[in-house]
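Read off the chains here:
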Amino acid sequence: MLTIGITGGIGSGKSTVVKILEEYGARVIFADETAKSVMEPSMPAYERIVEHFGTGVLDGDRRIDGKKLGGIVFHDNQEMQILNGITHGVVAQRIKEILDGFREEQAKLAVVEAIVPIRHGFQDAVDKVWVVIASEPVRVRRIIERNNFSREEALTRIRAQMPDEEYKSIADQVIYNDGTIEELRAKIRGLLNYEQYSPS
């Protein structure tokens, strides 16, 4: 099974790359969704998050409210690191379990999409890391259109994340995604051919 890790900053087009790979038969794990699942009230990360960040991050059902938690960590890098410290180990273990399941099902292609390309549970779980890059103006436009954010909110989210050079430093392949969907499809098709992957 070929396992590809997809990462890149907000608005770079990671999700679009993943959708195209799904068309080629990829089984997909979204690390962000996995992280949300380990923050459910019955899961081990829940108590530690509430203990550190307080009950103010909970919604009316006493579940962790992603927007409230995001409002804290996206404006404070130290708090972001604390949250990552709580969740990363648990998420890494869950990703490994899901990938093992894909292998047992004899899947040919698996994709792990992650905003934060952690070494344990992402880089060490995949065969190749593909980094998706787009220019800041393009990213700002996409974020505004998709999330209905202001320009300032979009820039805050972009600048809270790793710079492009840091993403590139872990890349086996860099996908520049300022163009059309057709151009992106062609790039992905070429990379899959390079990896000698052909859909069944």
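Above this text sits the structure in question.
Quick look at the structure, then. (Residues numbered from 1 in each chain as written. Predicted model: local features only at pLDDT ≥ 70, side-chain atom pairs only at ≥ 80, totals over all residues. Heavy atoms only, no water.)

**Some thoughts on the overall build of the chain**
So, point 1. Along its length, the chain carries nine helices and five strands.
So, point 2. Each helix and strand of the chain, placed in order from N terminus to C terminus, yields the pattern β-α-β-α-α-α-α-β-β-α-α-α-β-α.
So, point 3. Computed over its C-alpha atoms, the radius of gyration of the chain comes to 17 Å, within 12% of the 16 Å expected for a compact globule of 200 residues.
So, point 4. In terms of overall dimensions, the chain has C-alpha extents of about 50 × 40 × 30 Å along its principal axes.
So, point 5. Counting every position in the chain, which comprises 200 residues, the buried fraction comes to 43%.
So, point 6. Accessible surface, the chain: about 10,900 Å² in total, of which carbon and sulfur atoms supply 47%.
So, point 7. The chain carries 26 positive and 31 negative side-chain charges, and their two centres are separated by 3 Å. (Helix = DSSP H or I, 4+ residues; strand = E, 2+ residues; numbered from the N terminus. Rg over C-alpha atoms; globule rule 2.2 N^0.38 Å. Buried < 20%, exposed > 50% of the residue type's maximum accessible area, 1.4 Å probe, protein only. Areas by Shrake-Rupley, 256 points an atom, 1.4 Å probe, with all protein chains shown as cover. Lys, Arg positive; Asp, Glu negative; His and termini not counted. Charge placed at Lys NZ, Arg CZ, Asp CG, Glu CD.)

**What about the packing of helix 4 (residues 66-73) against helix 5 (residues 77-104)?**
So, point 1. At a minimum axis separation of 7 Å, helix 4 and helix 5 run at an interaxial angle of 130 degrees. For the element pair helix 4 / helix 5, the angle class is oblique. Here Leu69, Ile72 and Val73 of helix 4 come into contact with helix 5, specifically with Asn77, Glu79, Met80 and Leu83.
So, point 2. Of the residues assigned to the contact of helix 4 with helix 5, the class counts are five nonpolar, one polar and one charged. (Axes fitted to C-alpha atoms, helices over the stretch in contact; angles between N-to-C directions. Parallel < 35°, antiparallel > 145°, perpendicular 65-115°, else oblique. Contact = heavy atoms within 4.5 Å. Nonpolar A, V, L, I, M, F, W, Y, C, P; charged D, E, K, R; others polar.)

**Quick notes on unusual backbone geometry**
So, point 1. Even without glycine at this site, Arg62 takes up a positive phi of about 65 degrees.
So, point 2. With respect to the helices and strands, the residue Arg62 is situated in the loop between helix 3 (44-53) and helix 4.
So, point 3. Take Arg62: its relative accessible area is 48%, and that puts it in the partly exposed class.
So, point 4. One non-glycine residue, Gln196, lies in positive phi territory at about 60 degrees.
So, point 5. Tracing the chain through its elements places Gln196 in the segment after helix 9 (181-194).

**A short note on the nonpolar core**
Buried together is how nonpolar side chains tend to be arranged in soluble globular proteins.
So, point 1. Judged by nonpolar contacts, the single largest core of 34 residues is most densely connected at Ile49 and Leu69.
So, point 2. Tallying contributions element by element places helix 5 first for this core, with seven residues.
So, point 3. Those residues in contact with Leu69 that sit more than four places away from it in its chain are Met39, Ile49, Phe53, Val57, Ile64 and Leu83.
So, point 4. Core analysis: the second largest hydrophobic core is formed by 20 residues, Ile4, Val28, Leu109 and Ile175 among them. (Core = buried A, V, L, I, M, F, W, Y, C linked by side-chain atoms within 4.5 Å.)

**A closer look at the side chain of Thr87**
So, point 1. Tracing the backbone shows Thr87 in helix 5.
So, point 2. You can call Thr87 buried: its relative accessible area is 5%.
So, point 3. In contact with Thr87, not counting residues within four places along its chain, are Met39, Ala45 and Ile49.

**Re helix 6 (residues 136-147)**
So, point 1. Spanning twelve residues, helix 6 covers 16 Å between terminal C-alpha atoms, matching the ideal 16 Å at 1.5 Å per step.
So, point 2. In this fold, the buried residues of helix 6 make contact with helix 7 (151-159) and helix 8 (164-168). (Expected span 1.5 Å × (residues − 1).)

**Structural notes on the packing of aromatic side chains**
So, point 1. Following the criterion strictly, the structure yields zero aromatic pairs and no others.
So, point 2. The residue whose ring lies beneath Arg157 is Phe74, and the NZ or CZ to ring-centre distance is 4.1 Å. (Phe/Tyr/Trp six-rings, centres within 6.5 Å; stacked < 30°, edge-to-face > 60°. Lys NZ or Arg CZ within 6 Å of the ring centre and 35° of its normal.)

**Some thoughts on helix 4**
So, point 1. Turning to helix 4, its buried residues number three or more, namely Leu69, Gly70 and Val73. End-on, the buried residues of helix 4 take up no more than an arc of 100 degrees, which puts them together on one face.
So, point 2. Next to the buried residues of helix 4 lie helix 3 and helix 5.
So, point 3. Where helix 4 begins, one side-chain oxygen reaches toward the backbone nitrogen of Lys67, 2.9 Å away; that side chain belongs to Asp65. (Arc of directions from axis to C-beta. Polar contact = N/O pair within 3.5 Å; in protein donor to acceptor, adjacent residues only side chain to side chain.)

**Description of the sheet that holds strand 3 (residues 109-114)**
Sheet strands line up and pair through hydrogen bonds in the backbone, either parallel or antiparallel.
So, point 1. Judged by pairing direction, the sheet is parallel, and its five strands sit side by side in the order 2-3-1-4-5 without closing on themselves. Only two strands of the sheet have a single partner each, and these edge strands are strand 2 (27-30) and strand 5 (173-176). Strand-to-strand twist of the sheet, defined as the mean angle between neighbouring strand axes without regard to direction, takes the value 25 degrees.
So, point 2. In the sheet, strand 1 (residues 2-7) pairs with strand 4 (residues 128-133) via four bridges, with the strands oriented parallel. (Pairing = 2+ DSSP bridges.)

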